[in-house]
Amino acid sequence: LQTMSGNEDDWLALKPQEPSPSQCCGSGCKPCIYDVYEKELAQWERAKAKQDKSLLMEKKEQSSNSELNPDTFTAFSISSVEQLTEDTYQYRFELPGNSSLQLSLGQHIVLRGVVNGLEVQRAYTPISPGYAEGYFEVLVKCYEAGLMSQYIKTWKKGDTVFWRGPFGGFPYQPNKHGELLMLASGTGLAPMLPILQSITDDEEDETFVTLVGCFPTFDKIYLKPLLQDLARYWNVRIFYILSQETSLEKLPWSYRENTYTSRLNEDLMKTIINSCRRKPFVLICGSSAFNEDMSKYLKAAGIEENSCFVF
């Protein structure tokens, strides 16, 4: 009898742990961490019924072959850390050889961190082009009280970090929409950049783009040189909405005519939509409150729900 219960304990020790809510990033990944758990649990139940532990061997928790995978976490090494603003950082991760992540536009990947013994997962969209060779880059805003932020703040060059994916994305097709109106708040800029760069890189793509970036102040605008470069293209316009700036006088001349010092409200939304050269298809990315507000203002401006995509 003794051996039976000992055996039972062995099996219990091998049983997959149900994920805690903090382990789900809430971005609708396929497979979600809960799907992965269901699959592993079914595998464990089959192995236990047959009393054959070798059936569990195919379970790969972490992979080190540097191929991004939706089911398992893969280790990537940090090759550089750059602070962009007081709370925002750009991290570059190495890819072996000259491989690339092969992400489709606006896809996100999920980061796993462990803070005080608690596992946390969050979704981030790489800002580097999907075809970038040998590296990918992620833009991260750190919050004082954020669990994941506490983990990310400890990162330095050479550290190893675990990612899985890719998930989601916007099924962009060149010239399908006359104009794309991109509404981005803060790091919501991330999924917009690969789409915008794919348009400017493709001479055949004549889609107009109006990017509206919402930031608290001028100093908090990320990646200014890149955005200024993109704004030089004939089919790209970039507006900045700075909710905490009081006047345009402190801004460089090149920013004044396309910057608003206010919040992006219903009236301003109508002004921007009226200035679009064609009927826009709208991409939205920001906090859930930002996304809800934008959807509301767009509706008031007569843009139907089937003409919007929320990241």
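All of these numbers come straight from a predicted model, not from anything done at the bench.

Analysis parameters
- Residues numbered from 1 in each chain as written.
- Predicted model: local features only at pLDDT ≥ 70, side-chain atom pairs only at ≥ 80, totals over all residues.
- Heavy atoms only, no water.
- Helix = DSSP H or I, 4+ residues; strand = E, 2+ residues; numbered from the N terminus.
- Buried < 20%, exposed > 50% of the residue type's maximum accessible area, 1.4 Å probe, protein only.
- Contact = heavy atoms within 4.5 Å.
- Areas by Shrake-Rupley, 256 points an atom, 1.4 Å probe, with all protein chains shown as cover.
- Domains from an automatic or database assignment.
- Buried area = accessible area lost by both parts, 1.4 Å probe.
- Salt bridge = Lys/Arg side-chain N within 4 Å of Asp/Glu carboxyl O.
- Polar contact = N/O pair within 3.5 Å; in protein donor to acceptor, adjacent residues only side chain to side chain.
- Nonpolar A, V, L, I, M, F, W, Y, C, P; charged D, E, K, R; others polar.

## Details of the overall build of the protein
Right, so step 1: Along the protein, the regular secondary structure elements total 8 helices and 13 strands.
Right, so step 2: Taken over the C-alpha atoms alone, the protein extends approximately 80 × 40 × 35 Å along its principal axes.
Right, so step 3: Residues classed as buried in the protein amount to 47% of the 311 residues present.
Right, so step 4: Contacts spanning at least 24 positions in sequence make up 70% of the contacts within the protein whose residues lie at least 6 apart.
Right, so step 5: In the form shown here, the protein has an accessible surface area of approximately 16100 Å², with 49% of it arising from carbon and sulfur atoms.

## Overview of the domain arrangement of the protein
Right, so step 1: Domain assignment breaks the protein into domain 1 (74-167) and domain 2 (179-310).
Right, so step 2: On a C-alpha basis, the centroid separation for the pair domain 1 and domain 2 is 24 Å.
Right, so step 3: Facing the 16 residues of domain 1 at the interface are 13 residues of domain 2.
Right, so step 4: Summed over both partners, the interface of domain 1 with domain 2 buries about 1200 Å², with 69% contributed by carbon and sulfur atoms.
Right, so step 5: For domain 1, the biggest contributors to the area lost against domain 2 are Leu 105, Ile 127 and Leu 139; these three give 37% of the whole.
Right, so step 6: Counting every contact that joins domain 1 to domain 2 gives 1 salt bridge.
Right, so step 7: One salt bridge in this structure joins Lys 220 and Glu 86, with 3.4 Å as the shortest N-O distance.
Right, so step 8: Viewed at the interface, domain 2 and domain 1 are joined by 3 residue pairs in polar contact (both at pLDDT 80 or more).
Right, so step 9: Those elements giving two or more residues to the side of domain 1 that touches domain 2 turn out to be β2 (73-85), β3 (88-94) and β6 (135-141).
Right, so step 10: Looking at the side of domain 1 that touches domain 2, its residues break down into 8 nonpolar, 6 polar and 2 charged.

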